[in-house]
Amino acid sequence: MATPPESFDHLPAGKGRLLRLLPVLIRSGVDFAMLSTKARLARASTKFVWGSALLNTDVGPLIFEEFLPAALEDCRFRAEPDPVVVGHGLGQIPLALDRQLQGISAAKLVVTL
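(A) Broad picture of the overall build of the protein chain. The number of helices and strands found in the protein chain is three helices and two strands. The secondary structure elements of the protein chain, listed N-terminal to C-terminal, are α-α-β-α-β. A fraction of 46% describes how many contacts in the protein chain between residues 6 or more apart in sequence connect residues 24 or more apart. Carbon together with sulfur atoms contributes 62% to the accessible area of the protein chain, which is approximately 9200 Å² in total.

Now the structure itself:
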């Protein structure tokens with residue numbers, strides 16, 4: 001189980017950040033508890049991985065440099081869900097960000113270059 005998706009983009013830096021961060025952390029904890037409960041009810045075992053924890057270990061390069069490129073190439077691993085192409089060119093990035101802020105569920109927004 002990976003960390004539930006939470007964005008910290010809306011939190012301003014500086015004084016008062018911790019107070020604004022607290023509801024996000026609580027929501028993340030509740031989301032994690034709900035995912036864990038669903039997994040237990042389905043009799044599935046879970047492991048917790050904080051996504052950025054892989055950056056400074058030997059595991060990150062093993063996954064992203066050795067396993068993943070080959071697994072994508074021979075279809076042992078599929079990139080899901082299919083991308084939603086928002087537009088082409090750097091000028092379309094604001095449109096894609098606006099769509100993301102409106103709320104996206106189970107979709108990848110892509111701007112082609």
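Now, onward.
(B) How the structure looks around the environment of Gly91. Tracing the chain through its elements places Gly91 in the loop between β1 (83-88) and α3 (93-102). Classification of Gly91 as exposed rests on a relative accessible area of 63%.

(C) Representation of the packing of aromatic side chains in the model. Counting across every chain of the model gives one aromatic pair. Where Phe67 meets Phe77, the ring centres are 6.3 Å apart and the plane angle is 80°; that geometry is what we call edge-to-face. Of this pair, Phe67 sits in helix α2 (residues 59-73) while Phe77 sits in the loop between α2 and β1, and the two are ten residues apart along the sequence. Residue Phe77 is classed as partly exposed on the basis of its relative accessible area of 39%.

(D) Here's a closer look at the pattern of salt bridges. Counting across every chain of the model gives two salt bridges. Residue Asp74 pairs with Arg76 through a salt bridge whose shortest N-O separation is 3.0 Å. A salt bridge links Arg78 to Glu80; the nearest nitrogen and oxygen atoms lie 2.4 Å apart. Arg78 gets classed as exposed once you look at its relative accessible area, which sits at 56%.

(E) View of α2. An ideal rise of 1.5 Å per residue puts 21 Å on 15 residues; α2 measures up with 20 Å between its terminal C-alpha atoms. Its maximal kink placed at Phe67, α2 deviates by approximately 45°, while the proline Pro69 follows within four residues. Restricting attention to buried positions, one finds in α2 the residues Gly60, Leu68 and Ala71. Positioned one or two residues after α2, Cys75 has a phi angle of 65°, which is positive.

Parameters at a glance
- Residues numbered from 1 in each chain as written.
- Predicted model: local features only at pLDDT ≥ 70, side-chain atom pairs only at ≥ 80, totals over all residues.
- Heavy atoms only, no water.
- Helix = DSSP H or I, 4+ residues; strand = E, 2+ residues; numbered from the N terminus.
- Contact = heavy atoms within 4.5 Å.
- Areas by Shrake-Rupley, 256 points an atom, 1.4 Å probe, with all protein chains shown as cover.
- Buried < 20%, exposed > 50% of the residue type's maximum accessible area, 1.4 Å probe, protein only.
- Phe/Tyr/Trp six-rings, centres within 6.5 Å; stacked < 30°, edge-to-face > 60°.
- Salt bridge = Lys/Arg side-chain N within 4 Å of Asp/Glu carboxyl O.
- Expected span 1.5 Å × (residues − 1).
- Bend = angle between axes of the 7 residues up to and from the residue.

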